[in-house]
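Single-letter residue listing:
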Amino acid sequence: MSSASQPESRPQPLTATQIARLQAAVDGFSPSDLVWASGYLAGLADQHRSAPTAAASAHPPAQRLSILVGSQTGNGKRLGERVLKAAQQRGLAARLVSLADFNPRQLRQETALLLIVSTHGDGDPPDDALALHRYLTSAQAARLSQLTYSVLALGDSSYPHFCKTGRDFDERLQALGARAAVPRVECDVDLAAANDAWIESAVSAFAALLPEAAAPARLALVETTAPAPREHVRASATLLANQRITGRQSSKEVRHVEFALDTADFDYLPGDSVSLRPHNPTSVVTEILTLMQWPAATPVKLGERTLTIEAALREGLEITQLARPVVQAIVELAPRSELRDWLAAATPEAVANWLASRQLVDVLRESDARFPPETLVSLARPLATRAYSIASSRLASPDEVHLTVAIVNDDHEGRARPGAASNYLAALAPGAVVELQLDRNSAFRLPANDDVPLIMVGPGTGIAPFRAFIEERAARGAAGKHWLFFGERTQREDFLYQIEWQRHLREGSLTRLDLAFSRDGAQKVYVQDRLREQGAEVYAWLEAGAAFYVCGDARRMAKDVHRALLELIMRHGGRDEDGAEEYLFELRQQGRYQRDVY
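As a starting point, this report considers the structure included with it. (Residues numbered from 1 in each chain as written. Predicted model: local features only at pLDDT ≥ 70, side-chain atom pairs only at ≥ 80, totals over all residues. Heavy atoms only, no water.)

### Regarding the overall build of the chain
Secondary structure assignment for the chain yields 22 helices and 21 strands. Of all 598 residues assigned to the chain, the portion counted as buried reaches 52%. (Helix = DSSP H or I, 4+ residues; strand = E, 2+ residues; numbered from the N terminus. Buried < 20%, exposed > 50% of the residue type's maximum accessible area, 1.4 Å probe, protein only.)

### Focus on the side chain of arginine 95
Counting through the fold element by element, arginine 95 comes out in strand E2 (residues 94-98). At 2.9 Å, the side chain of arginine 95 and the side chain of serine 66 are in polar contact. (Polar contact = N/O pair within 3.5 Å; in protein donor to acceptor, adjacent residues only side chain to side chain.)

### So, the sheet that holds strand E13 (residues 400-406)
With antiparallel pairing, six strands are arranged side by side in an open sheet as E12-E9-E16-E7-E8-E13. In this open sheet, the two edge strands, each paired with only one partner strand, are strand E12 (386-389) and E13. Strand-to-strand, the axes of this sheet are offset by a mean angle of 40°, without reference to chain direction. One ladder, built from seven bridges, connects strand E8 (residues 254-260) with E13; its direction is antiparallel. Opposite valine 257, over in E13, you have leucine 403 as the bridge partner. (Pairing = 2+ DSSP bridges. Axes fitted to C-alpha atoms, helices over the stretch in contact; angles between N-to-C directions.)

### What to know about the packing of aromatic side chains
Overall, the coordinates contain 14 aromatic pairs when judged by the stated rule. Between the aromatic rings of tryptophan 294 and phenylalanine 371, the centroid separation amounts to 6.4 Å while the plane-to-plane angle is 40°, which identifies the pairing as tilted. Pair noted here: tryptophan 294 is in the loop between helix H8 (282-292) and strand E10 (299-302) and phenylalanine 371 is in the loop between helix H13 (360-367) and helix H14 (373-379), with a separation of 77 residues, a long-range link. The buried category is assigned to phenylalanine 371, whose relative accessible area is 10%. Between phenylalanine 486 and phenylalanine 517, the ring centres sit 6.4 Å apart and the planes meet at 70°, which makes this aromatic pair edge-to-face. With a gap of 31 residues between them, phenylalanine 486 in strand E18 (residues 482-488) and phenylalanine 517 in strand E19 (residues 512-517) connect regions that are remote in the sequence. Taken together, the ring pairs connect Phe444, Phe466, Phe469 and Tyr549 into an aromatic cluster. Between the NZ or CZ atom of arginine 134 and the centre of the ring of phenylalanine 585, over which it lies, the distance is 4.0 Å. (Phe/Tyr/Trp six-rings, centres within 6.5 Å; stacked < 30°, edge-to-face > 60°. Lys NZ or Arg CZ within 6 Å of the ring centre and 35° of its normal.)

### With respect to the pattern of salt bridges
The final tally for this structure, using the stated rule, is 40 salt bridges. With its nearest N and O atoms 2.9 Å apart, the salt bridge here joins glutamate 200 to arginine 90. Here glutamate 200 is found in helix H7 (residues 196-207), whereas its partner arginine 90 is found in the loop between helix H4 (75-89) and E2, with 110 residues between them in sequence. A relative accessible area of 41% means that glutamate 200 is categorised as partly exposed. Residue classification places arginine 90 among the partly exposed positions, given a relative accessible area of 33%. Note that aspartate 267 is salt-bridged to arginine 440, the shortest N-O span being 2.9 Å. Of this pair, aspartate 267 sits in the loop between E8 and strand E9 (273-276) while arginine 440 sits in the loop between strand E16 (433-439) and strand E17 (454-457), and the two are 173 residues apart along the sequence. (Salt bridge = Lys/Arg side-chain N within 4 Å of Asp/Glu carboxyl O.)

### A word on the packing of H4 against H7
Geometry of a packed helix pair, given as the angle between the helix axes and the separation of the axes. Their axes nearest at 10 Å, the elements H4 and H7 cross at an angle of 50°. Relative to H7, H4 is oriented oblique. Where H4 crosses over H7, the two elements pack in a sense that is right-handed. Two secondary-structure elements touch here, H4 through Arg82, Val83, Ala86 and Ala87 and H7 through Asp196, Trp198, Ile199 and Val203. Looking at the contact of H4 with H7 residue by residue, the class counts come to six nonpolar, no polar and two charged. (Parallel < 35°, antiparallel > 145°, perpendicular 65-115°, else oblique. Left-handed = near helix turned anticlockwise from the far one by under 90°. Contact = heavy atoms within 4.5 Å. Nonpolar A, V, L, I, M, F, W, Y, C, P; charged D, E, K, R; others polar.)

### Some words on the environment of histidine 412
Turning to its location among the elements, histidine 412 is positioned in strand E14 (residues 409-412). Spatially, the C-alpha atoms of histidine 412 and serine 357 are 7.3 Å apart, while their sequence positions differ by 55 residues. Among the polar contacts listed, one links the side chain of histidine 412 to the side chain of glutamate 366, at a separation of 3.1 Å.

### Some words on the nonpolar core
Residues Ile288 and Leu313 are the most contacted members of the largest nonpolar core, which totals 38 residues. Elements with a minimum of two residues in this core: H8, E10, helix H9 (309-315), helix H10 (324-332), helix H11 (338-345), helix H12 (348-356), H13 and H14. When residues of this core are assigned to their parent elements, the largest contribution, six residues, is made by H8. Discounting chain neighbours no more than four positions away, the residues touching leucine 313 are Asn280, Val285, Ile288, Leu289, Ile319 and Leu376. By size, the runner-up hydrophobic cluster in this structure holds 31 residues, among which are Val538, Trp541, Val561 and Leu584. (Core = buried A, V, L, I, M, F, W, Y, C linked by side-chain atoms within 4.5 Å.)

### Focus: unusual backbone geometry
One can expect most non-glycine residues to show negative phi and most peptide bonds to be in trans. A positive phi angle, close to 60°, is found at cysteine 163, a residue other than glycine. Along the polypeptide, cysteine 163 turns up in the loop between strand E4 (148-154) and helix H6 (164-175). Of note, the phi angle at aspartate 368 is positive, near 60°, even though the residue is not glycine. Mapped onto the elements of the fold, aspartate 368 is located in the loop between H13 and H14.

### Topic: H6
Helical geometry note: an α-helix holds 3.6 residues per turn, so side chains three or four residues apart project in the same direction. For H6, which comprises twelve residues, the first-to-last C-alpha distance of 16 Å matches the rise-based estimate of 16 Å (1.5 Å per residue) to within 8%. Taken together, the buried positions of H6 are Thr165, Gly166, Asp168, Phe169, Asp170 and Leu173. Looking at the packing, one finds that the buried side of H6 touches strand E3 (110-118), helix H5 (130-136) and E4. Glycine 177 sits one or two positions beyond H6 and adopts a positive phi of about 100°. (Expected span 1.5 Å × (residues − 1).)

### A few points about a positive patch on the surface
Side chains of Arg489, Arg519, Lys524 and Arg556 sit close together on the surface and give a patch of like positive charge. Along the polypeptide, arginine 556 turns up in the loop between strand E20 (547-552) and helix H21 (557-573). (Patch = residues over 30% accessible without salt bridge, like charges linked within 9 Å, V, L, I, M, F, W, Y side chains within 5 Å. Areas by Shrake-Rupley, 256 points an atom, 1.4 Å probe, with all protein chains shown as cover. Lys, Arg positive; Asp, Glu negative; His and termini not counted. Charge placed at Lys NZ, Arg CZ, Asp CG, Glu CD.)

### Details of the environment of glutamate 543
Inspection of the secondary structure assignment puts glutamate 543 in helix H20 (residues 535-543). A residue is classified by how much of its surface remains accessible, and glutamate 543, at 48% relative accessible area, is partly exposed. Separated by 30 residues in the primary sequence, glutamate 543 and glycine 573 place their C-alpha atoms 9.3 Å from one another. Within polar-contact distance, the side chain of glutamate 543 engages the side chain of tyrosine 583 at 2.7 Å.

### Topic: the pairing of E20
The element E20 is extensively covered by neighbouring structure, given that six of its six residues are classed as buried. Alignment of E17 against E20, held across four bridges, turns out to be parallel. Note on E20: the bridge partner recorded for leucine 454 is alanine 547. For E20 and strand E21 (residues 593-597), the ladder comprises five bridges, and the chain directions are parallel. Opposite tyrosine 549, over in E21, you have glutamine 594 as the bridge partner.

### Some words on the sheet that holds E17
One open sheet holds the five strands; their spatial order is E19-E18-E17-E20-E21, and the pairing between them is parallel. Lying at the two open borders of the sheet, with one neighbouring strand each, are E19 and E21. In this sheet, neighbouring strand axes are inclined to one another by 10° on average, regardless of whether the strands run parallel or antiparallel.

In structure tokens:
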């Protein structure tokens, strides 16, 4: 009998040794972690079964719902868990898998697919979705006429390419013959569209296609009494220090902020972030009340709470950051049509720049919209948390978390436009208590091997996670070399953490430091220019196994750094542009090219 005609072997029971190893591997997992692990293991098994052999091609498509998640943050994973729970409650066979663990060629073995994917940076797929995006947009993508799917796209409408990755996936799946179970849904940062009604609608559509499972799929081999790690840890933190670290003559104010808390529970790792919910600037709240002629004590209903419109503007509504849907809703109520007409005709890039330069009060002023305060409460988004990269290591600073905060103080037509969170933090005095939330970032992590060299590019406050990286590796006695590229405006006023970097150089925990101060010379020089200048050595480090990290601005810096990388790989690696792109793609797949950009 040929191997192609042999039946698939029956799974064998695990040995006691294998069970013990599995128990050790997942010790301390929460129930949601175990569900995630079950999907991960199922994905590994499917990858082996879907190898390009005659036997694999003969297997019938899977009769289950596969929920695939691609996201740089935990939002996608949490939404996937909600969908998985709803599917299992309906008795469906379902699994939850990270796109990082999914073989794109396995799509031919799927019949029901729910894809949850964010758009990263300025229209790019998140790192874990790169392989699937590349496959679907390639000439090698297979016909998928057997597949029914749905796409939940996550994004931020203040960016010009809102939900672009989700749209790309939806369009390509349709082009390859797949059928949408429910139309694509696009979620802004508040995720309001991903509500229970949508989940019920999507699961019901798939339930009509799939047989019921005998029991919900789960990882049932392990029972543990260890404390379950929480996905989002919250803690009260006491302010220890709030120090300006740019010079008095600097055009920027950047502060180093330190909090005390119990890091036994707040178990962050280098690369993670913390978020907090600020209060909006009093000056902007007062300007809105005056412009709209609303008495500060006017009561309004905000969710289940009744409070004054002043309190709602201060601590409940988003007034310093704009989203296009909110602006469009306001201009529809305005007597003047100029702004409404412009928004309809403008390019996404022009609208994104317009939104970035204004706050809610400017929209109210420019549109001449006037309405009662209850209308604004119904239109505005809830005040969102603000995230900051952690700039410390628990090994180096036990029971502390440090942040590097750029204070936003813009103006529009001569009127002050302070940022909400940065000014909230800047005003705090030592002893103040705030609630912090830990946002884990598994896509921005140090290598497990301390011998791996690191190249880190962090201009401005993008330096924050690399301060944590160096502190962590120094505390661990890591043997790997460390090369940091830092850029700012002037060396005298803006060299963040200068004394610390000099100490790390003396002690050997920092191997090399390349600096780019754009206002100190006749020509502006940026970190990407330093990368090009040192291209031969950067390429040699990459060839020697170095991991490359970038943190900071997504709209310009990250793109410029990516382009500089491509150019130095082409020049010093003897590749054409396609070959250089392939080189960087492989680095990403290996976890050796990681970006935390915003």
